[in-house]
Amino acid sequence: MGMSKRNIIFVFLVLFGMTGLFAYFQSLPSLLQKKPTLLTGKILTRPMELDNFELIDQYNQTFNNESLEGNWTIIFFGYTNCPDVCPTTIYKLAEIKNEIVKDLPSKNLDTVLVTLDPDRDTPERLDEYIGYFDEGMLGVTGTYKNIQSFASNLSVFYQRINKDEGYDFNHTASIFVFNQDGSLFATMSPANPVSELKDDFYTILNNF
Amino acid sequence: MVSFGHKSYAELEVDDAWIRSGPPNSKTFAGYLKFTNTSSTEIFIKELKSNAFEKIEMHSSFAEGGISSMKKLNALEIPAHSAFNLEPGGYHLMLMKPKKEIKETDLVELMIYFDAQGIIKILRRDAMVLRNGYE
């Protein structure tokens, strides 16, 4: 007499259960190991790979997925006709980067402004603007379509607001931190004090 | 960093007025200063003018739900016995269309029209200096 159907099902259930438990205990150490927390944002549970993108920097060089590989990269969105928040963020990031270069010489950190205003922000205009505030920073532009798909891949919202004279943008304020594989690793809010942002970058660079 | 001296005209004091310097060909600049209202009534800043810019607006940068926006204000209320700071990333002056290129050593004249108790319109003059930075 062979095993009844019910017994077979029972054996499978036990096997499944054991496999599940095994997998659970295997991953337990990493589940218990707490990821460091940030003061000004959060580290993603799992780094997010980006879709392919193709933009262009102020030196007319291609800026794509490969440009993010090798170094840690901070990307934020803005436009050069923004006189208040964008230069504020640029100055903050420049100060943080300068200190990291001194304190953690083995870590390379790139900073990148991606414009939401390709009409006015040509590579030449970006060169003029970025060069004034922080020569070490990259300024990136592209076609509407390419900027839009890059932004939407990062869930960045932006909206052009027409004014009596000219126009501005409402846009997602976050800065995006990419790891050396070019995957999105963390997001932060640049409105926070420089000291807190700095602490968060040290947390990331010292632990990963 | 250059700082500008403290100036006081009766009830409205203005300190540390500065313009964030910018790259050549910039059409807009941000200006910052500290107001103090020493009187016992609120003061409304109504209008600002300058010899160096065609137009000045009062703006507020703010983030709501993670979205950064800028809003134009018709007036700025300085409550009685209070200080009110215009600073990077918050309330600021939007200085538009420079009449000529502004250099680091320039002193820019700023006329502040304000209104106390809803009756008196007073004009006062201050000067702003150009400098860099985020605070």
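Residues numbered from 1 in each chain as written. Chains lettered and ligands numbered in written order. Predicted model: local features only at pLDDT ≥ 70, side-chain atom pairs only at ≥ 80, totals over all residues.

Trainee: Just give me the short version of the overall build of chain B, but keep the residues and values in it.
Mentor: Scanning chain B for helices and strands turns up zero helices and eleven strands. When its helices and strands are written in sequence order, chain B yields β-β-β-β-β-β-β-β-β-β-β. The 135 residues of chain B split such that 30% are buried. Long-range contacts, defined here as pairs at least 24 residues apart, represent 69% of the contacts in chain B between residues at least 6 apart. (Helix = DSSP H or I, 4+ residues; strand = E, 2+ residues; numbered from the N terminus. Buried ≥ 20, exposed ≤ 12 C-beta atoms within 10 Å, placed from the backbone. Contact = placed C-beta atoms within 7 Å.)

Trainee: Describe the nonpolar core, listing the residues and the values that go with them.
Mentor: Of all hydrophobic cores here, the largest spans 44 residues; its most connected members are A:Leu55, A:Val112, A:Leu113, A:Val114, A:Val140, A:Val177 and A:Phe178. Not counting residues up to four positions away in its chain, the partners in contact with A:Phe178 are A:Leu68, A:Trp72, A:Thr73, A:Ile75, A:Ser183, A:Leu184 and A:Phe185. Counting residues in each nonpolar core, the second largest holds 28 residues, with B:Leu12, B:Ile43, B:Ile78 and B:Met94 among its members. (Core = buried A, V, L, I, M, F, W, Y, C linked by C-beta atoms within 7 Å.)

Trainee: With reference to specific residues and values, describe helix 2 (residues 85-103) of chain A.
Mentor: Owing to its 3.6 residues per turn, the α-helix brings residues three or four apart onto one side. Look at helix 2 of chain A: 27 Å from first C-alpha to last across 19 residues, which is about the 27 Å you get at 1.5 Å a residue. Buried within helix 2 of chain A are the following residues: A:Val85, A:Cys86, A:Pro87, A:Thr88, A:Thr89, A:Ile90, A:Lys92, A:Leu93, A:Ile96 and A:Lys97. (Expected span 1.5 Å × (residues − 1).)

Trainee: Tell me about the interface of chain B and chain A, and name the residues and values.
Mentor: Each side of the interface is counted separately: chain B has 23 residues, and chain A has 20 residues. Elements with a minimum of two residues in the side of chain B that touches chain A: strand 3 (28-37), strand 5 (53-64), strand 6 (67-73) and strand 9 (91-98) of chain B. With four residues, strand 6 of chain B is the largest single contributor of residues to the side of chain B that touches chain A. Partitioned by chemical class, the residues of the side of chain B that touches chain A number eleven nonpolar, ten polar and two charged. Pairing geometry for strand 8 (residues 167-172) of chain A and strand 6 of chain B, over two bridges, is antiparallel. Pairing of A:Thr172 across the sheet is with B:Ile67, part of strand 6 of chain B. (Nonpolar A, V, L, I, M, F, W, Y, C, P; charged D, E, K, R; others polar. Pairing = 2+ DSSP bridges.)

Trainee: So what about helix 5 (residues 194-207) of chain A? Which residues, and what values?
Mentor: Given a rise of 1.5 Å per residue, 14 residues ought to cover 20 Å, and the 20 Å separating the end C-alpha atoms of helix 5 of chain A matches this to within 8%. Here the buried face of helix 5 of chain A lies against strand 1 (41-48), helix 2, strand 9 (175-178) and strand 10 (184-188) of chain A.

Trainee: Pulling in residues and values, what's your account of the environment of B:Met58?
Mentor: Residues and elements named next belong to chain B. Checked against the element boundaries, Met 58 lands in strand 5. Sequence separation between Met 58 and Lys 71 is 13 residues, and the spatial gap between their C-alpha atoms is 8.5 Å. With sequence-adjacent residues up to four places away left out, Met 58 is seen in contact with Ile 45, Leu 73, Leu 76 and Leu 93.

Trainee: So what's going on with the environment of A:His171? Residues and values would help.
Mentor: When you line up the elements, A:His171 lands in strand 8. For the pair A:His171 and A:Tyr158, spaced 13 residues apart in the sequence, the C-alpha separation amounts to 4.1 Å.

Trainee: Just give me the short version of the sheet that holds strand 2 (residues 54-57) of chain A, but keep the residues and values in it.
Mentor: All names here are of chain A. Spatial ordering of the open sheet is given by 1-10-9-4-5-6-2-3, a layout of eight strands whose pairing is mixed. Of all the strands in the sheet, just strand 1 and strand 3 (62-64) have a single pairing partner and so form its edges. Each strand of the sheet is rotated relative to its neighbour by a mean of 30°, with strand direction disregarded. As paired elements, strand 4 (residues 72-78) and strand 5 (residues 109-115) share seven bridges and run parallel to each other. Directly across from Thr 73, in strand 5, lies its bridge partner Asp 110. (Axes fitted to C-alpha atoms, helices over the stretch in contact; angles between N-to-C directions.)

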